[in-house]
Every structure is written in structure tokens, then in C-alpha cells.
Amino acid sequence: MARKQEAEEKPVVAEDSATSEKLRQIDSELIRLLSERKKAIANIPEAGYQIGEEEALLSQIINLGKKYDLDAYFVNKIFKDIQDYFKRLHQDRLADYHRQATVADDQIVVAFQGIEGAYSHLVGQKFFASRLDRVVFKGLLTFRAILEAVEKGGADYAILPIENTTAGSINESYDLLAQTKLSIIGEEILPVDHCLMAIENVPLSRIRRIYSHPQALAQCSTFLSSLDHCTVESFVDTAMAIKKVKDDQDLSEAAIGSEEAAQLYGLTVVKRDIANTRENYTRFFIVAREPVKYDERIPCKTSLIIATKHVEGALVNCLNVLAKHHLNLTKLESRPRANVPWEYLFYVDFEGNLEQPNVKIGLEELTGEVSFMKVLGSYPAKTNGIRRQADTEIAARNTTPISDTEPPPERPKGKIAIPEKKPYRLAGRFTKAEDTRLKVKNVVIGGGTFVVMAGPCAVESDEQINLCARAVAENGGDILRGGVFKPRTSPYSFQGLGFEGLELMAHAGERYGLPIITEVLHPTDAEKIAKRADILQIGARNMQNFPLLREVGRLNKPILLKRGMMASIDELLAAAEYILSQGNQQVILCERGIRTFETATRNTLDLSAVPVLKYHSHLPVIVDPSHASGDWKWIIPLVEASLAVGADGVIVEIHPEPEKAMSDGEQSLNFKNFEVMMKRLQRLKNLLK
Ligand code: PEP
Ligand code: MN
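For the structure given in this document, a descriptive report is provided here. Along each chain, residues carry numbers from 1 onward, in the same order as the chain's sequence is written. Naming scheme: in the order in which they are written, chains are lettered from A and ligands are numbered from 1. With the structure being a predicted model, the display of local features is reserved for residues of pLDDT at least 70 and the display and counting of side-chain atom pairs for 80 or more, all residues being used for whole-chain, interface and lining totals. Computation of side-chain values covers all heavy atoms of the structure but excludes hydrogens and water.

## Quick look at the pattern of salt bridges
Inference 1: The working definition used for a salt bridge is a side-chain nitrogen of Lys or Arg within 4 Å of a carboxyl oxygen of Asp or Glu. One pass over the structure, following the stated rule, counts 40 salt bridges.
Inference 2: One salt bridge connects Glu640 with Arg683, and the closest N-O pair in it is separated by 4.0 Å. One end of the pair, Glu640, is in helix H21 (residues 635-644); the other, Arg683, is in helix H22 (residues 671-688), and 43 residues separate them in sequence.
Inference 3: Between buried and exposed lies partly exposed: a residue is buried under 20% and exposed over 50% of the maximum accessible area for its type, with that area taken using a 1.4 Å probe on protein chains only. We classify Arg683 as partly exposed; its relative accessible area is 47%.
Inference 4: Between Lys672 and Glu675 there is a salt bridge, with the nearest N and O atoms lying 3.7 Å from each other. Taken as a pair, Lys672 and Glu675 lie in helix H22 at a separation of three residues, close to a single helical turn.
Inference 5: For Lys672, a relative accessible area of 54% corresponds to the exposed category.
Inference 6: Several salt bridges share partner residues, and in doing so they unite Glu163, Glu187, Arg283, Lys301, Lys331, Glu333 and Asp349 into one network. Every helix listed is a DSSP run of H or I at least four residues long, and every strand listed is a run of E at least two residues long, numbered separately from the N terminus.

## Some words on helix H4 (residues 119-127)
Inference 1: Of all the nine residues making up H4, seven are buried; the element is thus mostly covered by neighbouring parts of the structure.
Inference 2: Inspection of H4 places Tyr119, Ser120, His121, Leu122, Val123, Gly124 and Phe127 among the buried residues, and these make up the whole buried set.

## Points about the coordination of the manganese ion (ligand 2)
Inference 1: Water is not among the atoms examined, so metal sites may look incomplete; donors are the N, O and S atoms within 2.8 Å of the metal, or within 3.2 Å for Na, K and Ca. Surrounding the manganese ion (ligand 2) are the protein donor atoms Cys457 (SG), His627 (NE2), Glu653 (OE) and Asp664 (OD), at 2.0 to 2.4 Å.
Inference 2: Read N to C, the donor residues that coordinate the manganese ion (ligand 2) are spaced as C-x169-H-x25-E-x10-D. Of the two residues, Glu653 is situated in strand S25 (residues 649-653) and Asp664 in the loop between S25 and H22; the sequence distance between them amounts to eleven residues.
Inference 3: With a relative accessible area of 1%, Glu653 lands in the buried category.

## Observations concerning the pairing of strand S22 (residues 559-562)
Inference 1: Residues Ile559 and Leu561 line one face of S22 and the alternating positions Leu560 and Lys562 line the opposite face, and both faces are buried.
Inference 2: The rule for pairing is simple: two strands pair if DSSP sees at least two bridges between them. Judged from the three bridges that link them, strand S21 (residues 535-538) and S22 form a sheet pairing that is parallel. Along S22, the bridge assignment pairs Leu536 with Ile559.
Inference 3: Note on handedness: a clockwise path from strand one over the helix to strand two, with the strands aimed away from the viewer, defines a right-handed crossover. Each parallel crossover has a hand, and the one from S21 via helix H17 (residues 546-553) to S22 is right-handed.
Inference 4: Pairing geometry for S22 and strand S23 (residues 587-591), over four bridges, is parallel. By the bridge assignment for S23, Lys562 is matched with Cys590.

Pasting the structure below:
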């Protein structure tokens, strides 16, 4: 027997090495082709660069991949990375082209605070990725020292951390920017994945001392408070803390820093993902002696420092000037003015490039409203991340008129008087004339997009929710739905997996890059669910559960409010008012069918509610054809009708095996039909353009 196995194993080994040789060849070929791509890009004429072109190319590539049996999600991910890299190369080239003062010799000296392996060093490598062979990094002790190095010519660029999404703004950096004559020429966003590392894989219980930068320690406070046998010590930067652990060779010491730094110093990661929040990013500025004039076609941001006049409404007047010139504010930060007690400087970032005429005119006008203004520079924006379909659609709709001959549908123009009898104010267009647009991660809801939320009625298992998430992502859906607390007519039906299910769903959403929506049944659960879900759903049965509405009204999370099956349109808007009046302005309305005498469908989808709601209210309106019709056969035509009638999106139920679903299987689409639905939607969108 043993002999037989031996005899059989041999050819397998031989085949293995043949296979790995083949794979090596294919990988080398891929690298060679990428370098061809790089050369091809280098030959694109200046005018050949078109923003938005990548999305069209990407969808062609995904379709091609499907023909060759390649997973659409995988192709999408790889090609987005490829496009990002080449876009960066191209932008660098455009920037070089527009650079006024070029760096004298070929070498580029980049100053950063800390030592090799610090987060700032990683950012430098990312920002200068296309020119790394020419870069010399110079680690200095303080932020002031790196800026001085650039001012005095000892370095060409400095990497300055400016804010963190968990810990907030880095005040010292802001204060230094006010004093320096340097210009911001770039920004970079670094996802911060803090790890705990030691000289070898020691159990947590053996660690006694943990070292890191104070910001990193603050960002991991929850994890650290669970280690009551440890003391923590601050270091000037994370890499220095790591170096200390390496030098001491003491098994009771550990440091917090990046995985890259652990590798660089030869330490072992003992625990990953230890930050309080998963989505943890730090934003850095890249500063230089001279500003760079970026091509108008590169989406840029501009940063300013202003001091307002000592008059009533001074700041509002400044912001109004920006709004008047359509300059979208992305950040406003105030800092005390050095040596002038109780006066403040405002740091303003907005979307726009100093080369654009509206920015030039806007800033000219702004000078009349301020007592001091300093333009820090324009630079390619990195905070908007990879553009999702929704963003592209907005851009497309903004530039493509529906038709020259057809007038646009009438909407109330400007604010209208509050009608006395209406049970709502904030939900109506009398208080806010323009459409509400909500941003959920990278998905925009309202104001011209059409989002698709899809997923199972109930989360049943890790496998089921991951399969659904993958189907949503692969077919271009935007948001993953799934119930974990189910409002069931019978107490004997499946009630959902509760918080355990929420955790499974959150992981599936993260894995496939999809925000998640789930229903909240009880006011006491709302806050806890809001920590993991991106949108909270109030079900039809709870539309008038006023304590629940009040509770979610205190959250800072979008709420999808479903119309009760016996509720009028005015009652739906009055229920939305309960949420809005508590402070939360992020409400999405949902038409999900009402009870009528008709029994051929589960409920009657009231499509006329869509234009009526959109006439009276600025809130986005989503249609749920699944609960309205109760039968998967009617979903696709009703989804198409929802788009045609002007809804802002749909929410549909899908399941890998609808016949085995634990709830609402009869109205759930299988994946094949979901794919058909998405294709038909795309076709209709093209027709409606
Ligand atoms: C649901 O969306 O899971 C649901 C229960 O819907 P509704 O509240 O509209 O019945
Ligand atoms: Mn359902």
C-alpha cells in the first residue's frame, strides 16, 4: 500500500514543478505586459487624458473577464488597482509638466518625521512610488525640522500628517502651516492597520510593556485597556518604538505600528486589527517650496487659511461666497490665533483647482470678506477614493441634458410657504428646496443616482451572506441588505440571528466593499446596531413606533423608513419628521406596498407615491418591490418601473437558493435573475439618457 502511494506521488511532484514553472512564466508575462502598459501611457498626449474614461474601460474589462470565466469581483479589484497606479503615474507626469520650478538635480530629497518604517515614511513611498529610484528619504526629529529642511533647501518635499479619522486633527501641523511659506502640492491617505508586534510570537499574557506613538496608543485604547498587566510608554514615532523592541530583545516588550514596519525590523506580528475603529485613516500633506499648477482636468482640492472680520455673520459670508461659486467644502477647522487671544484662524479645504476660473473668481471675492487669507495650494484629491458607479452617474447626469426639446419636469422652485395643515416641516421642500444627497461610504443616495440595495430577507449563515454579498458586488449592486432582527407575523417563525448575524453581515460587507443596511426593532438596540451597520431600517410595522423613531433620530446614521402598509403619504412624511426633528437629517423614504382589496400580489406597490413624495419632499425615495409584490416574478418589471418613475433606487431580496430560504423565499430573486435585473436596469438607464 505504502509503495503504491509512493509510486503515485512521483508524477504529481513532477507535474507540480511543471505547473509552478508555467505559473512563473505567466506571472513574468503579466509583469512584462504591465510594463508595456506603462510605456503606452507615457505616450498619451496631454489632451488624451479624460476623467471618467476609466469607468467605461473597467466595465468592458469585467465583461471580457466573464467571457473567460474570471470572477467579476476579482477582475474589478485588480483592474481598479492597476488603473489607480497608472493614474498616479499620469498625474505625476502632468504635474511635472506643469511644475514651475523643477528640482535642480535628478535626486529628490523627501523629509519625514521619524525613522525608517514610520507611517510618514510609508506615505512617502506611496506618494513617490513612480519615482522611488530617485528619492532619498531623510528622517528628522520634529515636524518643524522637516518643514525647515524644505524651506532652507536641505530637502525638496516634506511629509506632514494632518488628521486622523479616529483621533482628529493634528494641531501642531495646522499651526506650522500658518507660519510656513511652503505650499501643499499633494495629499495622501494612509489606511492605518495597527498591529501589536514583538521579537517572536509571544502570548499576550507575557507582554508587560507596550511602546508606540501617543496617537497610535490613543487609537488602540480599547485593546490596551483589556491588557491590565501591561504598562504603555510613548515614543516620538512608531518606528522608534519598534526599534527599541528589536534592540532590547526582551520577550516582555511589544510595540504598536504597521505590518510593514514589523517586516522591516524583523519583528513578529502578535495581533492584527487592534485599533478601536476598523476604518482608520491618516491624511498627510506633501509640501514643497513652490506651488504646483495642476492641470484643470485632474480633480483637485485647494487649502486655505483665513481670518474672518470681526463682524456678525463673517464666517457665514465667507462660506456663502464658496457656495455661490459651487466650491464644495470638504473641511473646516478652527485654531486659535497665536498671540491674539480669542481670535481664530479657519483652515478651509474645498474641491477645486486654482487653475479653474470659478476658483479664481471665488477666491477674489473671498478676499473682500476676510481680514487675512493665505492660499496653501491646490493638489490632486485622494479622499474621494475609488469612484463608485453612483458618483459617475451624477457626473454623467450633470453633463447630459435629457433632451433639448423636452422641458424638465416641474419641481417647486426655491422654498415655498409652509402649508398650515401639513403635519411635517423639515421633511418638506418648504424648509429645504434641493434634493437631499446622502453619502454612505462611497455610495451616494439621492440627487440623481439610482442605487441598488440587495441581499437576503434574513441573514442565515456566514456562507449565505457571503454568497449574497459577492453576487451584489459582482453585478454592480451598491449596498448589502439583510435582516438580523426579523419582525415576523408568527412568533414561531425564524426571528433572525441577532447581533451574531450582524457581525457576519458586517464582515461580508467589508470583504466585498459594500455598505450594509439592516432593520432595528427595538429602541435599546439602535445604538449598538449603528456601530456596525451603515444604514438602519425601520420596518413597515414600526413606521409609527414613535419611541423608536425618536431614538434613531438621535443617531448620526442614515435611516431608511419604510411606509406602513396602512399609512398614507402624509403619515409617512410625518413619521420621517419624528426622526428629522430629533436632529438626524439623514432619512431615506421607502415605498414597499400598501394593503388594498387586491390579493393577486402580497401588497399593492403604490408607484404614484414616488413622484408625489419627491414633489413634496427633498428626501430620497427607494422602492421595495419584493415586499410589495411577494413574488419574484414581478420584481424585474417593478424595478424598471421604479427607475422610470424617478425613484432614487430599489431594495430587493435575493438568495442563493430561494426555495430553501428561511423567510420570504418566494419573493427572493436567485442570482441568475438578479444578474438579469441588473442588466435590464443598465439597458433602461441607457435608453433614458
Ligand atoms: C424587510 O425589509 O426585511 C421587511 C421586513 O420589510 P417590511 O418592513 O417592508 O415588511
Ligand atoms: Mn423579507
